[in-house]
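Geometric and topological summary
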Amino acid sequence: SYAQNYISDLGVPEVGPYDGRFLDSPLHAVMNAGFLAQGVLFLLATVVAARGLPARPAAPWVGLAALHAVGITLVAFVHGGPQSAASGFIVFHVIGAGLAIVCGNLASIAGGVALGARRFRAFSVGIAAVGLLCLVGLQLQPSLAGADVPDGVWERGSVYAITAWELAAGVVLITRGRAGRQPARDSAA
């Protein structure tokens, strides 16, 4: 269920009920490969984009991107299902998810600051704030009186904020790159 299940439930190889949800993802290996690719590509894109920046603004961005990559890699390798819960390894899945979500959103802020333009910085802070607030909502859900938002919705809000930032950052970098390649116009023309 899009609303009830966590995103990482798609990476769990076991089938059956677990913690009030039903797990059944025949393409779990594809999802886990996607988690791994997300971490590697997020870090690689950050390093490539930060290469032309002064070290000071780029360092926090690269560091947070690395922690995001570590977190999402843990999610890919340690599944959030009954087998991990029984073995006690579920703690590593939870740590990985926390690192991926928190550091991914903080990397969005750091990337927005490092890349510059005022409107993009404001967008970066705003979208990351939405992502972090959704994570807080997920954690506080049982105690939020009258807020009947399913866990899956809260979690997707916290993760999709990172995805929205990645897309916007890509547009900014592509647009900036194209503008830098425009031939100089002849002032006599």
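Scroll up a little and you will see the structure.
Residues numbered from 1 in each chain as written. Predicted model: local features only at pLDDT ≥ 70, side-chain atom pairs only at ≥ 80, totals over all residues. Heavy atoms only, no water.

On to the overall build of the chain, then. If you tally the helices and strands in the chain, you get 6 helices and 2 strands. Secondary structure elements in the chain, listed N-terminal to C-terminal, are β-β-α-α-α-α-α-α. Structurally, the chain occupies a C-alpha span of about 75 × 35 × 30 Å along its principal axes. Restricting to contacts in the chain with at least 6 residues of sequence separation, those with at least 24 account for 62%. Of the roughly 10,600 Å² of accessible surface on the chain, a fraction of 69% belongs to carbon and sulfur atoms. Positive and negative side-chain charges in the chain, numbering 11 and 9 respectively, have mean positions lying 24 Å apart. (Helix = DSSP H or I, 4+ residues; strand = E, 2+ residues; numbered from the N terminus. Contact = heavy atoms within 4.5 Å. Areas by Shrake-Rupley, 256 points an atom, 1.4 Å probe, with all protein chains shown as cover. Lys, Arg positive; Asp, Glu negative; His and termini not counted. Charge placed at Lys NZ, Arg CZ, Asp CG, Glu CD.)

Another aspect to go through is helix α5 (residues 118-140). Side chains that are three or four residues apart share a direction in an α-helix, a result of its 3.6 residues per turn. Counted at 1.5 Å a residue, the expected span for α5 with its 23 residues is 33 Å, and the 33 Å between its end C-alpha atoms agrees. F120, S124, I127, A128, G131, C134, L135, G137 and L138 are the residues of α5 that are buried. (Expected span 1.5 Å × (residues − 1). Buried < 20%, exposed > 50% of the residue type's maximum accessible area, 1.4 Å probe, protein only.)

Our next topic: helix α4 (residues 90-115). Here α4 is 26 residues long and its end C-alpha atoms lie 36 Å apart, about the 38 Å a rise of 1.5 Å per residue gives. Remark: G116 follows α4 within two positions and exhibits a positive phi of approximately 105°.

Here we take up unusual backbone geometry. At D19, a residue that is not glycine, the phi angle is positive and equals roughly 50°. Position of D19 among the secondary structure elements: in the loop between β1 (16-18) and β2 (21-23). Classification of D19 as exposed rests on a relative accessible area of 59%.

Glancing now at a nonpolar patch on the surface. Taken together, L36, V40, L41, L44, V48 and F77 make up a surface patch of nonpolar side chains, about 570 Å² in accessible area. Here the nonpolar patch gets 5 residues from one element, more than from any other, and that element is helix α1 (residues 28-50). Its location among the elements puts V40 in helix α1. (Patch = residues over 30% accessible without salt bridge, like charges linked within 9 Å, V, L, I, M, F, W, Y side chains within 5 Å. Salt bridge = Lys/Arg side-chain N within 4 Å of Asp/Glu carboxyl O.)

This part is about the packing of α1 against helix α2 (residues 55-77). Between α1 and α2, the least distance of the axes is 8 Å, while the angle of their chain directions is 170°. Classified by the angle their axes make, α1 and α2 are roughly antiparallel. Across from N32, F35, L36, Q38, G39, F42, L43, T46, V47, A49 and A50 in α1, the residues of α2 making contact are A58, W61, V62, A65, A66, H68, A69, I72, T73, V75, A76 and F77. (Axes fitted to C-alpha atoms, helices over the stretch in contact; angles between N-to-C directions. Parallel < 35°, antiparallel > 145°, perpendicular 65-115°, else oblique.)

Functional significance is not addressed by these values, which are geometric in nature.
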